[in-house]
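Examination of the molecular architecture
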Amino acid sequence: MKNIILTIAISLSTYSFGQIGINTTNPQQILHIDGLNDNPNSGAPTSIQQSNDVVINNKGYIGVGTSEPTKRVDIMKSSPGAIKIVDGTQGDEKIFLSDSNGVGRWTTPQSFKDVVLGQFYRSATGGEITTTSDNTGGVKYLNANIKLTKGKWIVNAGSTLKTRVSAEYIVWIHMYLSSTTNSVTQTGWKHLGTAGNNVSYAGLLHGYKDTFVDGLDNDNFVFGSSLIEVTDNETVINLLIENLANINPGNLQNTGLKFYTTSGYWENYFYAIPVN
């Protein structure tokens, strides 16, 4: 018991106004811990001497590396790395953000993420994949998808399309972003644009009967941008197409579209840009 009392007497210096010093006889605040026991017996310690100190003042402010804290937690350090928080969400190049309740977490801002490239798939033999869609409605998979992580994205797509018709006419085309390849669905993500999930991109295709086999006049290009938000940690989004209506259709039984992958037309693109 005597040893304990003696140790406390040596370690603590208590003044009449209630200041306590641990490892110092010259406390600067209500509680002052001098880690290296290098503070002077009188006067204020230097910034170097304070660098190993921890204090609590009469406002309840905590100072680490400073004897004069001005905020609830005031940390002073002359080099990077003053704070370390390991909670399982930490990672390289992440920043610390809070939610509406002030609960913090490590996260990667959208502006820090890289542009994500989608993929146009080739056939098993390495050639182009043909996708046809008639005027009876229904979506078709364009053999293209993109994998995105949580956050907001501007998804850009452009597709070269050929009409395969035996009469002159115009086709109204919709292209969709979808979680599945056989219908328009949104799972783990949502549209932020005014059209909602009704459509992502749209355009007109022109067909000419005299050049419908291989003529350049049959080539068309549908493109656009769509703002979405991915709510799951990660999701795969597919690119679909739908032939909605024909104007002056002529031979409807021959109506169809042919889509070429990037192995046939290099102007096709499918990519997403992260936004905050």
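Residues numbered from 1 in each chain as written. Predicted model: local features only at pLDDT ≥ 70, side-chain atom pairs only at ≥ 80, totals over all residues. Heavy atoms only, no water.

1. So, the overall build of the protein chain
- Of regular secondary structure, the protein chain possesses 2 helices and 17 strands.
- Buried residues in the protein chain amount to 36% of all 276 residues.
- Within the protein chain, counting contacts between residues at least 6 apart in sequence, those at least 24 apart form 65% of the total.
- When the accessible surface of the protein chain is summed, it comes to about 15800 Å², and 54% of that surface belongs to carbon and sulfur atoms. (Helix = DSSP H or I, 4+ residues; strand = E, 2+ residues; numbered from the N terminus. Buried < 20%, exposed > 50% of the residue type's maximum accessible area, 1.4 Å probe, protein only. Contact = heavy atoms within 4.5 Å. Areas by Shrake-Rupley, 256 points an atom, 1.4 Å probe, with all protein chains shown as cover.)

2. What to know about the packing of aromatic side chains
- Counted according to the given criterion, the structure contains 5 aromatic pairs.
- Measuring from centroid to centroid gives 5.0 Å for F96 and W106, while their planes differ by 65°, and the two rings are edge-to-face. Of the two residues, F96 is situated in strand 7 (residues 95-98) and W106 in strand 8 (residues 104-107); the sequence distance between them amounts to 10 residues.
- A residue is classified by how much of its surface remains accessible, and F96, at 38% relative accessible area, is partly exposed.
- W106 sits in the partly exposed class, given a relative accessible area of 21%.
- Three or more aromatic residues joined by ring pairs make a cluster, and in this case those are F221, F223, Y269 and Y271. (Phe/Tyr/Trp six-rings, centres within 6.5 Å; stacked < 30°, edge-to-face > 60°.)

3. Describing the environment of K77
- Mapped onto the fold, K77 is located in the loop between strand 6 (73-75) and strand 7.
- Residue K77 is classed as partly exposed on the basis of its relative accessible area of 47%.
- Along the backbone, K77 and S51 are 26 residues apart, and their C-alpha atoms lie at a distance of 6.9 Å.
- Here the side chain of K77 touches S79 through a polar contact of 2.6 Å, side chain to side chain.
- A polar side-chain atom of K77 sits 3.4 Å from the main-chain carbonyl oxygen of P80. (Polar contact = N/O pair within 3.5 Å; in protein donor to acceptor, adjacent residues only side chain to side chain.)

4. Re the nonpolar core
- L148, V155, L177, I228 and F270 are the most contacted members of the largest nonpolar core, which totals 25 residues.
- Those elements that place two or more of their residues in this core are strand 11 (139-163), strand 12 (169-178), strand 14 (201-207), strand 15 (219-247) and strand 17 (269-275).
- The greatest single-element share of this core, amounting to 8 residues, is contributed by strand 11.
- In this structure I228 touches L148, G151, K152, W153, V155, L177, W189, K190, H191, L192 and I237, once residues within four positions along its chain are discounted. (Core = buried A, V, L, I, M, F, W, Y, C linked by side-chain atoms within 4.5 Å.)

5. A closer look at the layout of surface pockets
- The space that makes up the largest pocket amounts to roughly 460 Å³.
- What lines the largest pocket is a set of 19 residues, among which R105, T107, T108, K113 and K150 lie closest to the centre.
- Contributing elements (two or more residues each) for the lining of the largest pocket: strand 8, strand 11 and strand 15.
- Per element, the largest residue contribution to the lining of the largest pocket is 4 residues, and it comes from strand 11.
- Of the residues assigned to the lining of the largest pocket, the class counts are 5 nonpolar, 8 polar and 6 charged.
- For the second largest pocket, the calculated volume is near 190 Å³.
- Forming the boundary of the second largest pocket are S47, Q50, S51, V64, G65, T66, M76, K77 and S78. (1 Å grid on protein atoms, 1.4 Å probe; cavity = no way out; pocket = protein on both sides within 12 Å on 5 of 7 lines; lining within 4 Å. Points joined across faces, edges and corners; volume = space filled by probe spheres on them. Nonpolar A, V, L, I, M, F, W, Y, C, P; charged D, E, K, R; others polar.)

6. Brief notes about a nonpolar patch on the surface
- A cluster of nonpolar side chains, contributed by I20, I22, I33, V54, I56, I62, V64, V73, I75, I83, I85 and F96, occupies part of the molecular surface with about 850 Å² of accessible area.
- Looking at the nonpolar patch, the elements that each hand over two or more residues are strand 2 (20-22), strand 4 (53-56), strand 5 (62-64) and strand 6.
- Mapped onto the secondary structure, V73 falls in strand 6.
- Residue V73 is classed as exposed on the basis of its relative accessible area of 53%. (Patch = residues over 30% accessible without salt bridge, like charges linked within 9 Å, V, L, I, M, F, W, Y side chains within 5 Å. Salt bridge = Lys/Arg side-chain N within 4 Å of Asp/Glu carboxyl O.)

7. Comments concerning the environment of L205
- Mapping L205 onto the fold places it in strand 14.
- Classification of L205 by relative accessible area gives buried; the value is 0%.
- Sequence-wise, L205 and V171 are 34 residues apart; in three dimensions their C-alpha atoms are separated by 4.9 Å.

8. Overview of the pairing of strand 7
- Of the strand pairs in this sheet, strand 7 and strand 8 are connected by 4 bridges, and their pairing is antiparallel. Directly across from I95, in strand 8, lies its bridge partner T107.
- Linking two consecutive strands that pair antiparallel, namely strand 7 and strand 8, is a turn of 5 residues; a positive phi of about 85° is found at G102 within it. (Pairing = 2+ DSSP bridges.)

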